[in-house]
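Commentary on secondary and tertiary structure
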Amino acid sequence: MLVAKAREPPGRVAKAREPPGRVAKGSGARGLGRRRVGFPVAFFLLRRPSGALYGQAGKRGEMRGRSLPTPTLTGAEVLSRRDASRPVSGPGVPSGAAWRQSAHSILEHPVAAPERPGTPPRRRTGRPSHTSAAAGRSRGPEPGAMATGGNPERRKAGPDIVGSLMLSWFCEHFHMQSESLISPLMQSVSHQHFRVRIAVIQATGAVIQFGNAKSLDDVLSHLAQRCFDNIPQVREAVIIVMGEWLLHLRDRYSFFHKLVPLLLSGLADEMHENRELALSYWKKVGLQWEKENEDDIKDKLDFYNAPPYYPQGVARPGLGCRELVTRHLFRILPGLCHDLTDWVAGTRIKASRLLHILLLHAEDHITQHMELLLRTLYRVCLDEELLVGRECLKAAELVGTFVSPEVSLKLIVSDLEKAPQPSHLMVLSAVVRGSPRNILQPHLEHLADTLSHPRVCQCTAEVSYLEQLVGCVEALLETCQEDCKEVSLQLMKILVTVMAIPTVGHLQEQIEEAMKSLAGVQGQAGLAGLYRQHISQLMQWVSSTPDTWTCYSSELLQLDVIATHSGPAIGEALEELFLILKTCLQTSKDPLMRLKLFSTLSQLLQEPNKTINSEGHFCNYLEIVIKDILAPNLQWQGGRTAAAIRTTAVSCLWALIYSELLSPEETLNLERLLLPQILATLDEDSKMTRSLSCQIISVFLEANGRQFEPEKLTTIYPELLKRLDDTSHDVRLEAAKALVNWFRCIDDDKKALLKTNIEFLYQELLVELDDPNQNIQLAVLDVLKEGGILYPDLLAEQIKAVLHKHRSPTYLDQLLLHIESTGWNYAKS
């Protein structure tokens, strides 16, 4: 992998205080296996160049391997030779008095020779052993032991001395022995002291640069891990080492694909100083590569022009930098895509930032890697880490900028048609946002047709999918602007489909904003104008096969959105609307579907002049509403769903009557057709149905007045009288109001025919007058006052008969006074 995983905190290190014979794991040095801790790995710098370690068999102090004649140097000689040959500068090289002071302090505390494996450690005393003292007098400290010792000061100075010694007087032999230093350095690269980590990184840079480059693979994963270090100075050290290797490493051309990603990661560092440092090194690397390969890129240097479209506010990298990335992208991208799906969040964040930087350098060369890139973006764009998703969408925008839509859109649309996923739509919207407007315009119609196709926009009700679908519409409107006039209908279908899903209530504002943007593109003043422009096409779109609809049909929900949100525009499409209603509201159709359509019709009838009667043509379809829609559905059928349908049908009828759209003749005709069904609904279980039915009957009585035939009046009053005993007080009050209008329908001709009925009503009403509810008493009193003028003598006799039975004679006295006020005299009677 190109980016190591930040799984290991920098404070965890291998235990350096184990007995010399024990084996410890070097945490932070993956792939190095199990190492012996405490051995003088780099003692060859002062003793013998062969680099042989203490053997596990034989006597203590006995060395394995063939030794070479090498003079033994004391600490003073080391310092003198170092001062004589120390280079002016270089990675890992300390300066002047600091080097001398650290070297003196370490040389004064030599490292004890390791004991034989398998024997218990000797007890430490204040007096050093003869072996340790002799080792100190004869050869001074072992630089490898300094790198792995427990003393932090020794660990910090050890790498400095390693870098200084190899540059001074072992340059001709160092490359043969440099590999033995990698192990102790990697054991300390994650030390808890950040200065130790910095020193180790610097020393590692010097060891690789002036030693054997074969060890580069062993250290890259550890240095990549330091890119996640919490200390900016440590990350800065990594940037410097990577930059120096890319500039001065002898075999750098063989390792460009491994070194370039680590340096480019510094361009996305949290610290501004580190970003500037990485950028300066990267520019130097690019310029150096240009000079070294001038013959190969001569034509590009002379004739290569900048791309016509480039992200705004971004400086274009130099040609050398771009060529370096382009030529090695096929090696870098697979490992980077693997890291983008890693389980560690820090790795994914780092990899996503690096991906954006690489695509910015690769430009149109991204095309040959599109399949791998899209597969990765699909998986990563919905990452739980917001930073990862954001960076991946930025990378997808670069795809839209540099890759031709003929390639990118073809691949994305193909994936979308096979198995639509939210990630497909998210990547598509990002590609559209990054695409230039004039290049995207020829593909706009095909893209809109694909998105509006039922298998794409109606495939699921998942909220995340619908959110991304709306995002695609917004991206098209934002990028193509006035060019969207050609696909306005397709975009309207998408938005209507999303609005029809019940689970997207939180998207209503976003959808309305998108519709306003679409209306602005069309030059319409608002949503009403946009619906008016497409209302006929939208109604034809949803009314293609209404006879096959069920309660689960998407067209049913789309019709509800169009009818209730289009406002006055729906008045221009009444023919299509009532054709659908007539077909779908037959009693043989799905009850739940009929229930939904009645609810839509009832909502339209609340304000008919602003909806279905906006053009004044609703009266032409009134007969269809009464005969084909309301009358069949008011017939009694068993079941709760059928009862709910009757309730909605009664609601529609009441809304139609209350809207004052009907003339007196139309109301009379309505009463003749629907009165029996309305009387039957007075026994419904629904309180609202009974209440609305009483109100409808009251309107019929009031509108027709004395035109009512006695037979109908005889049929009506028993049903209303039963509603006076209803469990709901609201229904009882409405029934009392209807009885008032019933008495008003009786003239002198009907009076004699209905005398018996009137007398029966007096008896029942006087019983209700003693109701515990005062509101009911007052309502019944109004009914008796209205009907008492017909036969006051009969009413007075009935009052006298029940006077002793009432809790209070107050309302009876008021009723008698009202009768006397009409000219009737009790004494004469």
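Quick caveat, the model's predicted, so the values are computed rather than measured.

**A word on the overall build of the protein**
- Across its full length, the protein carries 40 helices and 2 strands.
- The burial tally for the protein puts 53% of its 829 residues in the buried class.
- Considering only residue pairs separated by 6 or more positions, the protein has 71% of its internal contacts joining residues 24 or more positions apart.
- For the protein, the exposed area adds up to about 38,000 Å²; of that, 50% sits on carbon and sulfur atoms.

**Description of the pattern of salt bridges**
- If you walk through the whole model with that rule in mind, you get 34 salt bridges.
- In this structure, the salt-bridge partner of Lys737 is Glu734, at a minimum N-O distance of 4.0 Å. Residue Lys737 and its partner Glu734 are located together in helix H35 (residues 729-744), separated by 3 residues, close to a single helical turn.
- Taken together, the salt bridges that share partners define one network made up of Arg235, Asp269, Glu270 and Arg353.

**Let's talk about the nonpolar core**
- Met242, Trp245 and Leu451 are the most contacted members of the largest nonpolar core, which totals 227 residues.
- Setting aside residues no more than four positions away along its own chain, Trp245 makes contact with Thr204, Gly205, Ile208, Gln209, Leu216, Val219, Leu220, Leu223, Arg252 and Leu259.

**Considering the state of the cysteines**
- Taken as a whole and judged by the stated rule, the model has 0 disulfides.
- Cys459 takes part in no disulfide bond, and the closest cysteine sulfur to it belongs to Cys457, at a distance of 8.1 Å.

**Some details on the packing of helix H29 (residues 591-604) against helix H31 (residues 640-658)**
- Put simply, H29 and H31 touch, their axes get as near as 9 Å, and they point 20° apart. Taken together, the axes of H29 and H31 are roughly parallel relative to one another. In this structure, H29 meets H31 at a crossing whose hand is left-handed. Residues Pro591, Leu592, Arg594, Leu595, Phe598, Leu601 and Ser602 of H29 lie in contact with H31, whose contacting residues are Thr641, Ala644, Ile645, Thr648, Ala649, Ser651, Cys652 and Ala655.
- Its residues placed into classes, the contact of H29 with H31 shows 10 nonpolar, 4 polar and 1 charged.

**As for helix H34 (residues 710-723)**
- End to end, H34 covers 21 Å across 14 residues, agreeing with the expected 20 Å (1.5 Å per residue, within 8%).
- Of all the positions in H34, only Pro710, Leu713, Ile716, Tyr717, Glu719, Leu720, Leu721 and Arg723 are classed as buried.
- Where H34 is buried, its residues contact helix H32 (664-680), helix H33 (687-704), H35, helix H36 (748-753) and helix H37 (755-768).

**Considerations on the packing of aromatic side chains**
- Under the criterion given, the structure shown has 7 aromatic pairs.
- A centroid spacing of 5.7 Å and a plane angle of 35° characterise the contact between Trp654 and Tyr658, whose relative ring orientation is tilted. In this pair, Trp654 and Tyr658 both sit in helix H31, 4 residues apart, roughly one turn of the helix.
- Judged by its relative accessible area of 61%, Tyr658 is exposed.
- Taken together, Phe578, Phe618 and Tyr621 form an aromatic cluster joined through their ring pairs.
- It is Lys751 that lies over the ring of Tyr791; its NZ or CZ is 4.8 Å from the centre.

**Observations regarding the packing of helix H18 (residues 405-418) against helix H21 (residues 444-452)**
- For the pair H18 and H21, the least separation of the axes is 11 Å and the interaxial angle reads 15°. Judged by the inter-axis angle, H18 sits roughly parallel to H21. Crossing angle aside, the handedness with which H18 passes H21 is left-handed. Residues Val413, Leu416 and Glu417 of H18 form the contact with H21, whose participating residues are His446, Leu447, Thr450 and Leu451.
- Along the lines of polarity and charge, the residues of the contact of H18 with H21 split into 4 nonpolar, 2 polar and 1 charged.

**Some words on the confidence of the model for the protein**
- On average, the protein scores 80 in pLDDT, and the residues at 70 or more come to 78%.
- Predicted confidence is poor over residues 1-144, with pLDDT under 50, and the contacts of this stretch with residues over four places away or in other chains come to 244 contacts.

**Some remarks on the environment of Ile696**
- Position of Ile696 among the secondary structure elements: in helix H33.
- For the pair Ile696 and Ala655, spaced 41 residues apart in the sequence, the C-alpha separation amounts to 10.0 Å.

Here is what the cut-offs are and how they apply
- Residues numbered from 1 in each chain as written.
- Predicted model: local features only at pLDDT ≥ 70, side-chain atom pairs only at ≥ 80, totals over all residues.
- Heavy atoms only, no water.
- Helix = DSSP H or I, 4+ residues; strand = E, 2+ residues; numbered from the N terminus.
- Buried < 20%, exposed > 50% of the residue type's maximum accessible area, 1.4 Å probe, protein only.
- Contact = heavy atoms within 4.5 Å.
- Areas by Shrake-Rupley, 256 points an atom, 1.4 Å probe, with all protein chains shown as cover.
- Salt bridge = Lys/Arg side-chain N within 4 Å of Asp/Glu carboxyl O.
- Core = buried A, V, L, I, M, F, W, Y, C linked by side-chain atoms within 4.5 Å.
- Disulfide = S-S within 2.5 Å.
- Axes fitted to C-alpha atoms, helices over the stretch in contact; angles between N-to-C directions.
- Parallel < 35°, antiparallel > 145°, perpendicular 65-115°, else oblique.
- Left-handed = near helix turned anticlockwise from the far one by under 90°.
- Nonpolar A, V, L, I, M, F, W, Y, C, P; charged D, E, K, R; others polar.
- Expected span 1.5 Å × (residues − 1).
- Phe/Tyr/Trp six-rings, centres within 6.5 Å; stacked < 30°, edge-to-face > 60°.
- Lys NZ or Arg CZ within 6 Å of the ring centre and 35° of its normal.
- pLDDT = per-residue confidence, 0-100.

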